[in-house]
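The lines below spell out each chain.
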Amino acid sequence: MSESLQDIQAQVRLCIRCSGAGYPIQGPPIFSGTAAARLMIVGQAPGRAEVSETLRPFSGSAGARLFRWLKQAGFDQCDIREQHYISSITKCFPGANASGRGDRAPTRAEQRFCSEWLEAEVTLVDPEVILPVGKLAIERFFGKGFKLVDLIGNRFQVDGRIFIPFPHPSGASSWIQQSEHQKLIRQAINQLAQAKMEFDL
Ligand code: SF4
């Protein structure tokens, strides 16, 4: 690939694939970090706070929980934002869901539209460790049909990279509230802490 990460980011900022297909997304696309990152975090999609206030990934309440987990693994939020890379399966805010009480999950079509951008980011950043956060991000790398309980708390090596999956940190997630799942989250945090030491992240 002859394009740089900045070239790709410029194209993403101009992307209208989803709105052009009639999806009620709200921009701008959200991502952050450096091409020199050795750790990449991949979430589902930005939320309202990210697109209307901060223009930074994971800056709402779910992000606060994710950064608490990362802090327990030894990562400082500023360091993560400055030295590593954060992106998502779809980079524009999908809007509210039908109930109005949460965010709409991106459709399969929107995920397909945006997959080229994520693929380019992964190729150009070339991180040693990837944290897929939430079911959609985990599906992107592990395929469908898995159970979160079989993945969270473990680390995997795929195509020379380490993957440490995390559940979606939304407070609306009943999965993360269950005590047996909290044990798996602690294991995932330990896996990340170990990778941090091992790869000097
Ligand atoms: S979500 Fe991705 S594919 Fe859709 S408009 Fe935004 S950048 Fe383009």
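Residues numbered from 1 in each chain as written. Predicted model: local features only at pLDDT ≥ 70, side-chain atom pairs only at ≥ 80, totals over all residues.

**Concerning the overall build of the protein**
Scanning the protein from N- to C-terminus turns up nine helices and six strands. The C-alpha radius of gyration of the protein comes to 16 Å, within 12% of the 17 Å expected for a compact globule of 201 residues. When the backbone C-alpha atoms are referred to their principal axes, the protein occupies close to 45 × 40 × 35 Å. By residue count, 40% of the 201 residues in the protein fall in the buried class. Restricting the contact set of the protein to residue pairs at least 6 apart, pairs at least 24 apart contribute 73%. (Helix = DSSP H or I, 4+ residues; strand = E, 2+ residues; numbered from the N terminus. Rg over C-alpha atoms; globule rule 2.2 N^0.38 Å. Buried ≥ 20, exposed ≤ 12 C-beta atoms within 10 Å, placed from the backbone. Contact = placed C-beta atoms within 7 Å.)

**Quick notes on the environment of Phe 141**
Looking at where Phe 141 falls in the secondary structure, it is placed in helix 7 (residues 135–142). The class for Phe 141 is partly exposed, based on 18 C-beta atoms found within 10 Å. The spatial distance from the C-alpha of Phe 141 to the C-alpha of Glu 53 is 30 Å, given a sequence separation of 88 residues.

**Re the site of the ligand**
The local shell around the ligand holds 15 residues, among which Cys 15, Cys 18, Cys 92, Phe 113 and Cys 114 are the closest. Those elements that provide at least two residues to the shell around the ligand are helix 2 (17–20) and helix 6 (108–125). Per-element accounting of the shell around the ligand gives the leading share, four residues, to helix 6. A class-by-class count of the residues in the shell around the ligand yields ten nonpolar, two polar and three charged. (Near = placed C-beta within 6 Å. Nonpolar A, V, L, I, M, F, W, Y, C, P; charged D, E, K, R; others polar.)

**What to know about the nonpolar core**
Counting 48 residues, the largest nonpolar core has Met 40, Val 42, Ile 89, Val 133, Ile 164 and Ala 188 as its most contacted members. In terms of residue count, the dominant contributor to this core is helix 6 (five residues). Dropping the residues within four chain positions of it, Ile 164 is found in contact with Val 129, Leu 131, Arg 155, Ala 188, Gln 191, Leu 192 and Ala 195. (Core = buried A, V, L, I, M, F, W, Y, C linked by C-beta atoms within 7 Å.)

**What about helix 4 (residues 61–72)?**
A rise of 1.5 Å per residue sets the reference length of helix 4, with its twelve residues, at 16 Å; its end C-alpha atoms lie 17 Å apart and thus fit the reference within 8%. Buried within helix 4 we find Ala 62, Gly 63, Leu 66, Trp 69 and Leu 70. All buried residues of helix 4 lie within an arc of 115° about the axis, which places them on one face of the element. Lining the buried residues of helix 4 we find helix 5 (77–83) and helix 9 (179–199). (Expected span 1.5 Å × (residues − 1). Arc of directions from axis to C-beta.)

**Focus: the sheet that holds strand 5 (residues 156–158)**
Strand order across the open sheet formed by six strands is 1-3-2-4-6-5, with mixed pairing between neighbours. In this open sheet, the two strands that pair with only one neighbour each are strand 1 (32–33) and strand 5. Inspection of the sheet shows strand 2 (residues 39–43) paired to strand 3 (residues 85–88) by four bridges, in the parallel sense. The residue bridging Ile 41 from the neighbouring strand is Ile 86, located in strand 3. (Pairing = 2+ DSSP bridges.)

**Overview of unusual backbone geometry**
Among all residues save glycine, negative phi is the norm, and among peptide bonds the norm is trans. Cis geometry is adopted by the peptide bond preceding Pro 28, which originates at Gly 27 and carries an omega value of 0°. Examined against the element boundaries, Pro 28 turns out to sit in the loop between helix 2 and strand 1. If you check the backbone angles, Phe 58 has positive phi at about 55° while not being a glycine. Within the secondary structure, Phe 58 sits in the loop between helix 3 (48–54) and helix 4. On the basis of neighbour counts, which here come to 27 C-beta atoms within 10 Å, the residue Phe 58 falls in the buried class.

**Points about the pairing of strand 3**
Burial of strand 3 is two-sided: the residues Tyr 85 and Ser 87 facing one way and the residues Ile 86 and Ser 88 facing the other way are all buried. Here strand 1 runs beside strand 3; their pairing, made up of two bridges, is antiparallel. Looking at the pairing, Gly 33 lines up with Tyr 85 of strand 3.

**Details of the environment of Met 40**
Its location among the elements puts Met 40 in strand 2. Using a count of 22 C-beta atoms within 10 Å as the deciding quantity, one classes Met 40 as buried.

**Considering helix 1 (residues 5–14)**
Three or more residues of helix 1 are buried, namely Leu 5, Ile 8 and Val 12. Looking straight down helix 1, one finds that the buried residues subtend no more than 65° of arc, so they occupy a single side. For helix 1, the exposed residues set more than 90 degrees away from the buried face come down to Gln 6, Ala 10, Arg 13 and Leu 14. Tucked into the core, helix 1 has its buried residues touching helix 6.

Nothing here speaks to function; it is geometry throughout.
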